[in-house]
Amino acid sequence: MSRRVLAAGNWKMNKTHSQAAEFIKELALSVKGAKNEILICVPFTNLETALRETEGTNISVGAENMDYHDSGAYTGEISADMLVDLGVKYIIIGHSERREYYAESDKTVNLKVLKALEKDIVPVLCCGESLEQREDGITAEWVRMQIKIALKGVSKEDVTKVVIAYEPIWAIGTGKTATNEQANEVCAVIRDCIKELYGEDAAEATRILYGGSVNAGNAKELFSMSDIDGGLVGGASLKVAEFTTIVNA
Ligand code: 13P
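Below: a short report on this structure. (Residues numbered from 1 in each chain as written. Predicted model: local features only at pLDDT ≥ 70, side-chain atom pairs only at ≥ 80, totals over all residues. Heavy atoms only, no water.)

**Comments concerning the layout of surface pockets**
Inference 1: The space that makes up the largest pocket amounts to roughly 440 Å³.
Inference 2: Lining the largest pocket are 17 residues, with Lys12, Met13, Glu64, Arg98 and Tyr102 positioned closest to its centre.
Inference 3: Looking at which element gives the most residues to the lining of the largest pocket, the answer is helix H4 (residues 96–101), with three residues.
Inference 4: In terms of residue class, the lining of the largest pocket is built from eight nonpolar, four polar and five charged. (1 Å grid on protein atoms, 1.4 Å probe; cavity = no way out; pocket = protein on both sides within 12 Å on 5 of 7 lines; lining within 4 Å. Points joined across faces, edges and corners; volume = space filled by probe spheres on them. Helix = DSSP H or I, 4+ residues; strand = E, 2+ residues; numbered from the N terminus. Nonpolar A, V, L, I, M, F, W, Y, C, P; charged D, E, K, R; others polar.)

**Observations regarding the pairing of strand S2 (residues 37–41)**
Remember that side chains alternate between the two faces of the sheet whenever the strand is regular.
Inference 1: S2 sits mainly inside the fold: five of its five residues count as buried.
Inference 2: The alternating pattern of S2 places Glu37, Leu39 and Cys41 and Ile38 and Ile40 on opposite faces, both of which are buried.
Inference 3: Across five bridges, strand S1 (residues 6–10) lies against S2 in parallel orientation. The residue of S2 that forms the bridge with alanine 7 is isoleucine 38.
Inference 4: For the segment spanning S1, helix H1 (residues 17–30) and S2, crossover handedness is right-handed.
Inference 5: Two elements, S2 and strand S3 (residues 59–63), share four bridges in a ladder whose sense is parallel. When the sheet's bridge partners are listed, isoleucine 38 is paired in S3 with isoleucine 59. (Buried < 20%, exposed > 50% of the residue type's maximum accessible area, 1.4 Å probe, protein only. Pairing = 2+ DSSP bridges. Right-handed = clockwise from strand over helix to strand, strands pointing away.)

**What to know about the nonpolar core**
Inference 1: Counting residues in each nonpolar core, the largest one holds 67 residues, and the members touching the most others are Ile40, Leu125, Ile147, Leu151, Ile164, Ile190 and Tyr210.
Inference 2: Top element by residues in this core is helix H9 (residues 180–198). It accounts for seven residues.
Inference 3: Aside from chain neighbours lying at most four places away, what touches isoleucine 40 is Gly9, Trp11, Ile24, Leu27, Thr54, Ile59, Ser60, Val61, Gly62 and Phe243. (Core = buried A, V, L, I, M, F, W, Y, C linked by side-chain atoms within 4.5 Å. Contact = heavy atoms within 4.5 Å.)

**Considerations on the packing of aromatic side chains**
Inference 1: A full pass over the atoms with the stated rule returns three aromatic pairs.
Inference 2: Considering the side-chain rings of tryptophan 11 and phenylalanine 23, the 5.3 Å spacing of their centres and the 90 degrees angle between planes classify their relative orientation as edge-to-face. Here tryptophan 11, found in the loop between S1 and H1, pairs with phenylalanine 23, found in helix H1; they are twelve residues apart in sequence, far enough to count as distant. Per residue, the accessibility class of tryptophan 11 equals that of phenylalanine 23, and both read buried.
Inference 3: Arranged with centres 6.4 Å apart and planes meeting at 90 degrees, the rings of tyrosine 101 and tyrosine 102 form a pair that is edge-to-face.
Inference 4: One residue, lysine 15, lies across the ring of tryptophan 11, its end atom 5.8 Å from the ring centre. (Phe/Tyr/Trp six-rings, centres within 6.5 Å; stacked < 30°, edge-to-face > 60°. Lys NZ or Arg CZ within 6 Å of the ring centre and 35° of its normal.)

**Examining the sheet that holds S2**
Through backbone hydrogen bonds, the strands of a sheet pair up, either in parallel or in antiparallel fashion.
Inference 1: Here eight strands make up a closed barrel; going around it, the order is S1-S2-S3-S4-S5-S6-S7-S8 and the pairing parallel. Mean inter-strand twist for the sheet, computed between neighbouring axes without regard to direction, equals 25 degrees.
Inference 2: Bridge analysis of S1 against strand S8 (residues 230–233) gives four bridges, and the strand direction is parallel. The partner of glycine 9 across the bridge, within S8, is valine 233. (Axes fitted to C-alpha atoms, helices over the stretch in contact; angles between N-to-C directions.)

**Thoughts on the side chain of asparagine 10**
Inference 1: With respect to the secondary-structure elements, asparagine 10 resides in strand S1.
Inference 2: Note on asparagine 10: relative accessible area 4%, which makes it buried.
Inference 3: Here asparagine 10 is in contact with Cys41, Glu64, Ile92, His95, Leu232, Val233, Gly234 and Ser237, once residues within four sequence places are set aside.

**A word on the site of the ligand**
Inference 1: As a structural note, the neighbourhood of the ligand is formed by 13 residues, with Lys12, His95, Glu167, Gly173 and Ser213 the closest of them.
Inference 2: At a separation of 2.7 Å, an oxygen atom of the ligand approaches a polar side-chain atom of histidine 95.
Inference 3: In the environment of the ligand, an oxygen atom lies 2.9 Å from a nitrogen or oxygen atom belonging to the side chain of glutamate 167.
Inference 4: In this structure, the ligand is accommodated by the second largest pocket.
Inference 5: Of the residues assigned to the shell around the ligand, the class counts are four nonpolar, seven polar and two charged. (Near = heavy atom within 4 Å. Polar contact = N/O pair within 3.5 Å; in protein donor to acceptor, adjacent residues only side chain to side chain. Sits in = over half its atoms within 2 Å of the grid points.)

Printed below as a string of structure tokens:
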């Protein structure tokens, strides 16, 4: 079993084009030679800048969303081909903020995962329960359902390309991190679900990240849990020093 740790930043709606250029220059110097894999997912307006500034570095670039149609009358949307043509290799799909504020459903998440794989972009597929669902004791069932629908039609060959990010909604941006055990437990549920659907080899090869108030102080312990293969980091990925510590966790 050799799953390489992935430290992924999700910038969300932060940093202008000029701020991004300056930030990435600094970050590239700071994480040079790191042994974990590094990804930054940035707003559409920063993609070209990010791709240019990361050329020849150990940082990969992803987008935060895309549409599942190939082209057409979808005002304000961005297609997979537009991303591929720029050189984007990763895409966050189904973040809880998109599900909550932009009516993203399990169905559209599934269509986006399929489109990303068709176009050779690595989906970073997000799932996670609300506080109410956790308190109702349905976390495992809920996350399993999200994963099963999101992966509908994904082949065994393709599933290991998908990076899954478990992000409990109650831990996002709240400073309230899941405990190592809570996070690992749900990541193990997800791995078990993949095993059920695709077999043990696929389950062992698939990377599962934890996200939700990951910071410089808790990343190392979280990433060393048996079923956690890295993190999807929001706020702390916007600061060079803090993200560097996380990258080196
Ligand atoms: P925070 O790290 O700011 O809690 O955000 C987590 C997240 O939503 C990453 O996608």
